[in-house]
Amino acid sequence: MLTSSAKFRHYCMSRINLKHLIPTVFILSWLGVVPGLLFVHGYPIPESLRSFHILMTLGPILGAILFIYRSYGLSGIAQFFRRLLRFRASLPAIVVALIAPVIICTVAPLSGFKISGTSWPSGFTASSVLENGIILFLMYLFINTEEWVWRGIVFEKLLGSYSFIKSCFLLMPIWWIFHVPLFLFPSGHQAGYGLVEFTCIVVAETIILGWIYVKTNRSLLYVHLHHQLLNGFSQAFPLFPVFIGGNTKPLWVFCILLLLLATGLLKTNMNRDRKQPVPS
């Protein structure tokens, strides 16, 4: 017997057309990047439009609310947001969701500086990293709404028709394209890395976040927390090239660690699927 939450996913999600939702989210989010792009390329824009950059992070939830309301009304929106309150999860899922991001953000720069033969930047003290990491995490927690659409709706619908692996690989290019406008600035992405490194991050995190989503019974809480912990602490640590004189070694270690974690989770998921009994 389906629970009310499962009924919502089955009924409401089946009525959401991804061919309409995804372009809508793209347009809403990209509208937040356009004023900044015009400004840095020398086109005068009104001061009021410069605040539109917030749409890049709020666009996903605006699109989600619009489409859920159209398919299931206010009760659908209430059901959707209740998934942010699901906190029951297995210990491995909690570790991957909440502890792994901080560990990876710590190990990557330590290893990267050692490999490059450079010392840890004096400006990044333990207290400043912790303080900035918490502040940035809390900021992203409230303004970044990507997971509510990409895992909460798009990945959810894909899982209804495809395997876990295929669903991940179908979502990867969608999530990748969503971020492309951030690389159109004169010097590329503001963090100082290129599309190759970003592609590695997207491939790894699509699998990791997908695994967390499935292992926490479709909870939006844990994928959201994982994403924003990674956003916050990756900026707080001396990880991105723009903060450390163009040194790319820490970032590449970061990418490798994420890919290794994703590979391990994918292998675990495949082994579990092979052990499932075949229905007679």
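In case you missed it, the structure is sitting above this.
Mapped onto the elements of the fold, Ala 78 is located in helix α4 (residues 55-82). Owing to a relative accessible area of 32%, Ala 78 belongs among the partly exposed residues under this scheme. Note: C-alpha distance between Ala 78 and Ile 68 (10 residues apart in sequence) is 9.8 Å.

Tracing the chain through its elements places Ile 104 in helix α5 (residues 91-116). Linking Ile 104 and Phe 233, residues 129 residues apart in sequence, is a C-alpha distance of 9.5 Å. The contacts of Ile 104, once residues within four sequence positions are left out, are Pro 109, Phe 254, Leu 257, Leu 258 and Leu 261.

The next point concerns the packing of α4 against helix α7 (residues 146-159). Axis angle and axis distance: for two packed helices, these are the angle between their axes and the distance between the axes, and together they describe the pair. Taken N-terminus to C-terminus, the directions of α4 and α7 make an angle of 65°; their axes are 10 Å apart at the nearest point. Of the two possible hands of crossing, α4 and α7 adopt the one that is left-handed. In this structure, α4 contributes Pro 60, Ile 61, Ala 64, Ile 68, Phe 80 and Phe 81 to the contact, and α7 contributes Glu 146, Trp 148, Val 149, Gly 152 and Ile 153. Among the residues making up the contact of α4 with α7, the classes are represented as nine nonpolar, one polar and one charged.

Quick look at the layout of surface pockets now. Volume-wise, the largest pocket comes out at about 1000 Å³. As for the largest pocket, its lining consists of 39 residues, and the residues nearest its centre are Tyr 140, His 179, Leu 182, His 189 and Gln 235. Listing elements by their share of the lining of the largest pocket, those giving two or more residues are α3 (34-40), α4, α6 (126-143), α8 (164-178), α9 (195-215) and α10 (220-236). Within the lining of the largest pocket, the residues separate by chemical class into 24 nonpolar, 12 polar and three charged.

With that settled, consider the packing of aromatic side chains. Throughout the structure, instances matching the rule amount to 13 aromatic pairs. Geometrically, the ring pair formed by Phe 26 and Trp 150 is edge-to-face, given 6.1 Å between the ring centres and 70° between the ring planes. Residue Phe 26 is located in helix α2 (residues 18-30), and its partner Trp 150 is located in helix α7; the two are separated by 124 residues in the primary sequence. Judged by relative accessible area, Phe 26 falls into the buried class, the value being 11%. Ring geometry for Phe 113 against Trp 120: centres 5.8 Å apart, planes inclined by 70°, an arrangement best described as edge-to-face. By relative accessible area, Trp 120 is classed as partly exposed at 30%. The lysine or arginine in question, Arg 151, covers the ring of Trp 175, its NZ or CZ lying 4.5 Å from the ring centre.

Thresholds applied
- Residues numbered from 1 in each chain as written.
- Predicted model: local features only at pLDDT ≥ 70, side-chain atom pairs only at ≥ 80, totals over all residues.
- Heavy atoms only, no water.
- Helix = DSSP H or I, 4+ residues; strand = E, 2+ residues; numbered from the N terminus.
- Buried < 20%, exposed > 50% of the residue type's maximum accessible area, 1.4 Å probe, protein only.
- Contact = heavy atoms within 4.5 Å.
- Axes fitted to C-alpha atoms, helices over the stretch in contact; angles between N-to-C directions.
- Left-handed = near helix turned anticlockwise from the far one by under 90°.
- Nonpolar A, V, L, I, M, F, W, Y, C, P; charged D, E, K, R; others polar.
- 1 Å grid on protein atoms, 1.4 Å probe; cavity = no way out; pocket = protein on both sides within 12 Å on 5 of 7 lines; lining within 4 Å.
- Points joined across faces, edges and corners; volume = space filled by probe spheres on them.
- Phe/Tyr/Trp six-rings, centres within 6.5 Å; stacked < 30°, edge-to-face > 60°.
- Lys NZ or Arg CZ within 6 Å of the ring centre and 35° of its normal.

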